Amino acid sequence: MSPEKNSMIEVAIPLPLQTTFSYRVPEELRCAVVPGVRVFVPFGRRKVTGYVLGQAHHPPGDLKDILEVLDEQPVFTPRELAFYRWISAYYLHPLGEVIKTALPSGINIETRGRTTTGADGAQGEEQIRGGRSIRREWFFHATEEAAGTAAPRGLAAQILLYLMDQGETSRSDLNARFANPAAQLKRLLQKNLVVMEEREVYRDPFRDEEVPASSPQTLNETQAAAFQAISAAVTAGEFAPFLLHGVTGSGKTEVYLQSISHALEAGKTALVLTPEIALTPQLIRRFRSRFSCGIAVLHSGLTPGERYDEWRRIRRGEAAIVIGARSAIFAPLENLGIIVVDEEHEASYKQSEGLAYNARDLALVRGKMEGTAVVLGSATPLITSYHAAMHGRLRYLSLPERVRNLPLPEARIIDTRKMRDRACSPELVAALGENLERKGQSLLFLNRRGFATFLFCRDCGHVFRCPNCAVTLTHHKSKQRHYCHYCDFSLPAPTVCPGCGGGDIALFGRGTERVEEEIRELFPEARIARMDSDTTARKGSHAGILKRLEDGKIDILIGTQMIAKGHDYPGVTLVGVASADSTLNLPDFRSAERTFQLVSQVMGRAGRGDSPGKVLIQGADPGHYALARAASHDYEGFYKEETAFRREAGYPPFSNLALICLSGTAEKPVEQGAQDAAVLLRKLRGDLKARLEILGPAPAPLAKIRGRFRWQLLLKCSNRTDLRKILLRFQAEWRPPRTIRSSIDVDPVDTL
Ligand code: ADP
Ligand code: ZN
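Residues numbered from 1 in each chain as written. Chains lettered and ligands numbered in written order. Predicted model: local features only at pLDDT ≥ 70, side-chain atom pairs only at ≥ 80, totals over all residues. Heavy atoms only, no water.

### Regarding the overall build of the chain
For the chain, the helix and strand inventory stands at 23 helices and 30 strands. In summary, the chain has a C-alpha radius of gyration of 27 Å against a globular reference of 27 Å for 752 residues, a match within 12%. Considered along the principal axes of its C-alpha atoms, the chain spans approximately 80 × 70 × 65 Å. With 752 residues in all, the chain has 55% of them scored as buried. Accessible surface computed for the chain: about 32700 Å², of which carbon and sulfur atoms make up 50%. Charged side chains in the chain number 98 positive and 87 negative. The centres of these two groups are separated by 3 Å. (Helix = DSSP H or I, 4+ residues; strand = E, 2+ residues; numbered from the N terminus. Rg over C-alpha atoms; globule rule 2.2 N^0.38 Å. Buried < 20%, exposed > 50% of the residue type's maximum accessible area, 1.4 Å probe, protein only. Areas by Shrake-Rupley, 256 points an atom, 1.4 Å probe, with all protein chains shown as cover. Lys, Arg positive; Asp, Glu negative; His and termini not counted. Charge placed at Lys NZ, Arg CZ, Asp CG, Glu CD.)

### Quick notes on the coordination of the zinc ion (ligand 2)
At this site the zinc ion (ligand 2) is bound by Cys-466 (SG), Cys-469 (SG), Cys-484 (SG) and Cys-487 (SG), with donor distances of 2.2 to 2.4 Å. Around the zinc ion (ligand 2), the four donor atoms are arranged such that angles at the metal cover 106 to 114°; this shape is classified as tetrahedral. Along the chain, the residues donating to the zinc ion (ligand 2) fall in the pattern C-x2-C-x14-C-x2-C. Placement of Cys-469 in the loop between β18 (454–457) and β19 (474–476) and of Cys-484 in the loop between β20 (481–483) and β21 (490–492) is noted, with a sequence separation of 15 residues between them. Of the two residues, Cys-469 and Cys-484, neither departs from the other in class, the shared state being buried. (Donors = N, O, S within 2.8 Å, 3.2 Å for Na, K, Ca; no water. Tetrahedral: all angles 85-135°; square planar, octahedral: opposite > 155°, others 65-115°.)

### Describing the pattern of salt bridges
The tally for this structure, following the rule as stated, stands at 39 salt bridges. The salt bridge partner of Arg-510 is Glu-518, with a shortest N-O separation of 3.0 Å. (Salt bridge = Lys/Arg side-chain N within 4 Å of Asp/Glu carboxyl O.)

### Comments concerning the domain arrangement of the chain
The domain boundaries assigned to the chain delineate domain 1 (8–102), domain 2 (115–134 + 136–200), domain 3 (221–401), domain 4 (410–448 + 524–647), domain 5 (452–509) and domain 6 (656–746). Spacing between the C-alpha centres of domain 5 and domain 6 amounts to 34 Å. Listed per partner, the contact involves eight residues of domain 5 and seven residues of domain 6. With both sides pooled, the region where domain 5 packs onto domain 6 buries about 570 Å², and carbon together with sulfur makes up 54% of that total. (Domains from an automatic or database assignment. Contact = heavy atoms within 4.5 Å. Buried area = accessible area lost by both parts, 1.4 Å probe.)

What follows is the structure, given as structure tokens:
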């Protein structure tokens, strides 16, 4: 924009508003305003940060002035803006909020230091970066609810507005800015307008670690074919989407590494997405040992400041490879040659709150926009991915065998219907014992944490439920408390029933904690460890347990899906699935797929060394095809049965889905709102003559969470364009009462 033309600009504001806004630029700021910079603007009665998109074309007459320009350099490029616009349109989400999601939240630190807080904010950051010992800090941010509700008054209002504007803010920063904010923060927390989170202020412990250099392996035939296809696409610089389907241990990572190496040689950069849980030091070490170029790592352990540091390194071109979880899809790499999405089937690529994007899908979008190769890798591809590959929309690459011709583990399914009181069947106990004698390592998988998952009084039948959520409480023995796994609620485990005063409280259901106890009783001499989110809450403990496993210091490791991920543990020769039922019984159309994936993943941990592995799968529905096909390593068989079900029921890949969710603190208005939404949707369906199936309205399977009642409508439509049209009209016409929150989730990955 030339300075003369620069007088009126279009600004996106990160608030739940579907439009962008025009502002006037005062004379003295015109040189500083370019697309991609942030500006401080008046909005209603407050002042907010907005993003300059470009010149305003048809601005209304009466414009307000921008107050300040916050950046010297743009924080996003025109190409990134095109990506943000695509996302905003596809997910029906405000552009300003998309940009805010895409930028590192730590970007506000600089702003704060310079324009608002003065030296304090910046100084705080310095301390964090320079700090030597491990340090924890509380971080606060405004909830989505805060934008919609009537604002509190006085100091609380100021704090809330500050948080809404600045994003996540540390306690020390708030202390420096507001004299004594404790009471107000407490009130905001109680009203659910603000949430807080304690984090270790974390310095990357691997950055300075020396890793021995490693050289590329000589690829086997199928690896070489995959590598050739991918590297040819990288050279051509055209969009090329691949599905790399290879069993665990088939050498997919080696193919990624060599393809990335090829991209770097061609002067291009690489983006590697991996589920947070798989972002292990082992994986990072593997990349560091192969590449001498700058590697940026983005994971949830980074503070906003550190994330911002990594982001700037990438922006400046100091990192040619970025490895990160979901949000790394927004990494500001230039000249991208390849995007790898490892474990493409993982549900964690989908963000569940706010902007409900799916990083796996966005990898394809970004790849298409930037002309890159996109490699979706998995041992158990999504049904939809495999279907796309079979129909030519993804190029199918297969690594059907493990490298070094290691055999796949042998698996057996054990019927647990007649099994009482014990986590492990006699077969599983015998196998664990034998493996222990042979000095093999065992993994025991159970996708539930805690001790007992269902508690009730035998005298009066009182069931212990969460007061805020429609779920039962889980007993955690080590903490002697009952916890809700969906909100922060917990209570000290009572010795008498609060209903009748009786003392006979039954503990049913089994979590990892209880399985650990049973295994310790069975094998007192074994070295036993447990890995779930309770034992890995402290930073580094996850890596610590894996290291001990790697070093042979654990005989039996019990854990949740955390143990299903990770890499080679050659010592593991037995894998037990204590119960496959917890995922199989979920009322969601993907429950069979999830179970198949999870069981296959856990099975993949067995027999990666020289001795062949053995797998025992316990379940109450032993004939279920998800278990049977997983046990026989039969992906295609599973695919056939699952697609038959999907076709019959009209689920993806045979339809497109959108989930409309309504929630509120009183149930009646939510139900009424859901009924009204259904009426509107039916009207739109008629108007547009669309073939749309509307399921519901009905209470969500999780009917209440954190004190909010939830109702939903699931939309199925074979034609994506029709679905979009309806959603757009719905969004424009739908005016729920102010007490109700409603959201549209395009391509939901679960419907709970
Ligand atoms: P995946 O990612 O499919 O699980 P990896 O790439 O991690 O498989 O490979 C499994 C193991 O086999 C790793 O230790 C890796 O170094 C090794 N490996 C991979 N490709 C080859 C090869 N062509 N020759 C020898 N070893 C290989
Ligand atoms: Zn709860």
